[in-house]
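What the coordinates show
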Protein chains: 2
Amino acid sequence: MLDAVTTELRVRVDAELRRFMVEAGAALNAVGSDLETLTEAAHSFVLDTGKRLRPAFCYWGARAAGAPDKDSLVAAAASLELLHACALVHDDVIDRSAMRRGRPAVHEHFARLHEARGWSGAPDAYGDAIAVLLGDLFLVWAEMMINGSGIGDPALARARPVLDLMRVELMAGQYLDVTEQALGGGSLERALRVTRYKTAKYTVERPLHLGAAIGDAPPELVAAMSGYGLPLGEAFQLRDDLLGVFGDPDLTGKPAGDDLREGKRTVLIALAVEAADPAGRSALSAGLGDPALDKRGVERLREIISAGGAPVRVEAMISDRVGTAVAALEGDSVDPDARRALVDLATAATLRAD
Amino acid sequence: MLDAVTTELRVRVDAELRRFMVEAGAALNAVGSDLETLTEAAHSFVLDTGKRLRPAFCYWGARAAGAPDKDSLVAAAASLELLHACALVHDDVIDRSAMRRGRPAVHEHFARLHEARGWSGAPDAYGDAIAVLLGDLFLVWAEMMINGSGIGDPALARARPVLDLMRVELMAGQYLDVTEQALGGGSLERALRVTRYKTAKYTVERPLHLGAAIGDAPPELVAAMSGYGLPLGEAFQLRDDLLGVFGDPDLTGKPAGDDLREGKRTVLIALAVEAADPAGRSALSAGLGDPALDKRGVERLREIISAGGAPVRVEAMISDRVGTAVAALEGDSVDPDARRALVDLATAATLRAD
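Below or above, wherever it landed, is the structure these notes cover. What you are looking at is a predicted structure, and each value in this text was computed from that prediction instead of being measured.

Along its length, chain A carries 16 helices and two strands. Expected size for 354 residues packed as a compact globule is a radius of gyration near 20 Å; at 21 Å, chain A falls within 12% of this value. Looking at chain A as a whole, 60% of its 354 residues qualify as buried. Intrachain contacts of chain A at a sequence separation of at least 6 include 75% that bridge at least 24 residues. When the accessible surface of chain A is summed, it comes to about 13,600 Å², and 54% of that surface belongs to carbon and sulfur atoms. Taken together, the 39 basic and 52 acidic charged side chains of chain A have centroids lying 2 Å from each other.

So this is what it looks like as structure tokens:
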């Protein structure tokens, strides 16, 4: 039953996103018909795929605080998907990821279009340029969507500081992540801090807090959301770390072992480096971040990572955190329907995909 | 006297920016001391230089509508400088410009820092990544600054749609600009459209409209602002086009002939291509957008552009547009103090720098 509730919410989030994007696309096309290529890329990026996790946490954060189920709430929650679109499009430029959600990343799409049309200049530079601009547009649209959601001025005034904090933390987390890779990473503590800012707060805790602000939640409920959101967000990132190394490309939408090629300094990698013998450690150090890493190289690194037991330890960390998250929902402050949905979401967000 | 008014406003804009950036920087540093490098780069980019043109147009747009002179208005106007910081930082990544305002561009600064510290990975990729993130932060901060300016909820509610339109038009103009370069450009009409969206609306008309919305201006005043803002904005971009080819690097803060190397498809270039003989046209076509263009190559292209009379025609277009702009301020709807300041700004924004 709760799975149905989650699916129904997703359909409503999609409908609100479609409504907004049709309007935003029309405004963009009004500048000139040559904007249509950009509009189409924007539509397809937002509307064709996406798990809508952040909108779901925001929506249930508000419902947990007793806010009524309204389309305006769904629209406000859905706006987080546009912020996330900005984060993903820019992140793919930053990480030089060619694939996203099983298709060419935005920068890659426009680079290939440039190439196919035989335009002047470097295709990759053109692709990067358009992806930077489209990411900026998504950030602006996210703001426009929540402002126009109809949740009312008092709710917006409560929501805005949370949204601001969330966006600053997101950029700070990305900065730490990129810098950690440049530093060559290694420490478990530092990898956990990146996880906290880049994912735990951004994906779970702040969306819940945004909903809580819309619903005018009391402080004890906001605290309960942190108690649930932070460990769950960490668990979500830890699952993502495992998928980035061991995931099935058909399910992740990214090439096998992409995180290894990008040299991501995850908790999984920190644990693997700790556990490896000198030979394994030097193989990890040489292979991580090598863009030319082939299938065999990926396989070899996977073996080293598995041999040291890091994946098993990460699985245990995930279970542990999901347990802590769900336990934080006990008590009287959380509405029972919302609690059931949040427990369901905890599973959905951290499920093994294999 | 009016020059003093403009200088005084600039000092006040700087003070509001400083106040905001100190607070925003403290919030960022709270994430971790390793964010300080980013905070310092952000401070220095915003606070050390900049003409504060967009805040001035916004401020005088509000004053023209009879809004009282308040610090909250100055703070709201100053927020446009943070939006502009986003545009510039991302633009430099897009154009691969190494210099901005006489110093290394943000992406260049962080690439050199990466190199100097001997970090892992490619320095340029690191520099680009941080510049993309810092531009995003500037966009978020711009929003936070106007929301926190204290102009009051009704003024903010009137201002918001103008700001949204302005930001979407900015990104659309940038998209057209980048795509025009990729297409190899050429048509005067298309170059003028890029100028209109990328600069005329963004630099002059919309900042004035934003001020007009804050001051609750009647429709005839909003129309007068377009009558002044659009031609003046075009004149400003035409001046910039001339400076991009013929400007003194000490004054522009960019290497001589940088626009030629970047292959910018400006009105100046469109006119030069029109006027050139076949040999000149093929030299222009070969040299424009060649990153390896040296001092002699720049000199040669300058001679071709000058020989066809394009710079003289562009100077005439500038004078013509400044005249039209100033004439649009006549009539009863514009407050006399504001009119004097706007006439003064028209000169300041389009002055020959040689």
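Quick look at the relation of the copies chain A and chain B now. Rotating chain A by 180° and moving it 0.0 Å along the rotation axis overlays it on chain B with an RMSD of 0.0 Å. These values place the two chain copies in the arrangement generated by a two-fold rotation axis. Looking at chain A, 100% of its interface residues are interface residues in chain B too, so the copies touch through the same face.

Turning our attention to the interface of chain A and chain B. With 45 residues of chain A at the interface, the matching set in chain B holds 45 residues. The contact between chain A and chain B buries some 4,200 Å² in all, and 73% of this surface belongs to carbon and sulfur atoms. When the buried area of chain A at its contact with chain B is split by residue, Val31(A), Leu133(A) and Tyr175(A) rank highest and sum to 16% of it. At the boundary of chain A and chain B, one finds four salt bridges. Among the ionic pairs, Asp34(A) bridges to Arg190(B), the shortest N-O distance being 3.8 Å. Elements with a minimum of two residues in the side of chain A that touches chain B: helix H2 (36–47), helix H4 (71–95), helix H5 (106–116), helix H6 (123–147), helix H7 (153–183) and helix H8 (188–214) of chain A. At 14 residues, H7(A) tops the list of elements feeding residues into the side of chain A that touches chain B.

Residue and element names in this part refer to chain A. For the structure on display, the rule yields 10 aromatic pairs over all chains. With a centroid separation of 6.3 Å and an interplanar angle of 65°, the aromatic rings of Phe 57 and Tyr 228 are classed as edge-to-face. Taken together, the positions of Phe 57 in helix H3 (residues 53–64) and Tyr 228 in helix H9 (residues 219–246) put the pair 171 residues apart, joining distant regions of the chain. Of the residues examined, Phe 57 reaches a relative accessible area of 0% and is grouped as buried.

Residues and elements named next belong to chain A. One can describe the packing of H8 onto helix H12 (residues 267–275) by two numbers: an axis separation of 8 Å at closest approach and a directional angle of 170°. Taken together, the axes of H8 and H12 lie roughly antiparallel to each other. Side by side, H8 and H12 meet where Leu 188, Ala 191, Leu 192 and Thr 195 of the first sit next to Val 267, Ala 270, Leu 271 and Glu 274 of the second. Partitioning the contact of H8 with H12 into residue classes produces six nonpolar, one polar and one charged.

All names here are of chain A. Following both chains from N to C, one finds H12 and helix H15 (residues 310–327) inclined at 135°, their axes separated by 9 Å at the closest point. Looking at the two axes, H12 sits oblique to H15. Both H12 and H15 take part in a crossing whose hand is right-handed. Contact with H12, carried on its side by Val 267, Leu 268, Leu 271, Ala 272 and Glu 274, involves Ala 310, Pro 311, Arg 313, Val 314 and Met 317 of H15 and no other residues of that element.

On to the side chain of Asp177(B). Residue and element names in this part refer to chain B. Mapped onto the secondary structure, Asp 177 falls in helix H7 (residues 153–183). According to the relative accessible area criterion, Asp 177 is buried, its value standing at 7%. Apart from residues no more than four positions distant in its own chain, Asp 177 is found in contact with Val 194, Lys 198 and Lys 264.

On to helix H16 (residues 336–350) of chain A. The end-to-end C-alpha separation of H16(A) is 22 Å, in line with the 21 Å expected for 15 residues at 1.5 Å each. Residue Asp335(A) occupies the N-cap position of H16(A), its side-chain oxygen lying 3.1 Å from the main-chain nitrogen of Asp337(A).

So, about unusual backbone geometry. Residue and element names in this part refer to chain B. In this structure, Arg 101 takes a positive phi of about 50° despite not being glycine. Note on placement: Arg 101 falls in the loop between strand E1 (99–100) and strand E2 (103–104). Its identity as a non-glycine residue notwithstanding, Asp 216 has a phi of 55°, on the positive side. Along the chain, Asp 216 turns up in the loop between helix H8 (188–214) and helix H9 (219–246).

This part takes up the side chain of His209(B). All names here are of chain B. Position of His 209 relative to the elements: it lies in helix H8. Owing to a relative accessible area of 9%, His 209 belongs among the buried residues under this scheme. Of note is the side chain of His 209, whose polar atom sits 3.1 Å from the backbone oxygen of Val 222. A polar contact of 3.0 Å, which involves the side chain of His 209, links it to the side chain of Ser 226. When residues no more than four places from it in sequence are discounted, the contact partners of His 209 are Val 162, Val 222, Met 225 and Ser 226.

Here is what the cut-offs are and how they apply
- Residues numbered from 1 in each chain as written.
- Chains lettered and ligands numbered in written order.
- Predicted model: local features only at pLDDT ≥ 70, side-chain atom pairs only at ≥ 80, totals over all residues.
- Heavy atoms only, no water.
- Helix = DSSP H or I, 4+ residues; strand = E, 2+ residues; numbered from the N terminus.
- Rg over C-alpha atoms; globule rule 2.2 N^0.38 Å.
- Buried < 20%, exposed > 50% of the residue type's maximum accessible area, 1.4 Å probe, protein only.
- Contact = heavy atoms within 4.5 Å.
- Areas by Shrake-Rupley, 256 points an atom, 1.4 Å probe, with all protein chains shown as cover.
- Lys, Arg positive; Asp, Glu negative; His and termini not counted.
- Charge placed at Lys NZ, Arg CZ, Asp CG, Glu CD.
- Least-squares fit on C-alpha atoms with pLDDT ≥ 70 in both.
- Buried area = accessible area lost by both parts, 1.4 Å probe.
- Salt bridge = Lys/Arg side-chain N within 4 Å of Asp/Glu carboxyl O.
- Phe/Tyr/Trp six-rings, centres within 6.5 Å; stacked < 30°, edge-to-face > 60°.
- Axes fitted to C-alpha atoms, helices over the stretch in contact; angles between N-to-C directions.
- Parallel < 35°, antiparallel > 145°, perpendicular 65-115°, else oblique.
- Nonpolar A, V, L, I, M, F, W, Y, C, P; charged D, E, K, R; others polar.
- Left-handed = near helix turned anticlockwise from the far one by under 90°.
- Expected span 1.5 Å × (residues − 1).
- Polar contact = N/O pair within 3.5 Å; in protein donor to acceptor, adjacent residues only side chain to side chain.

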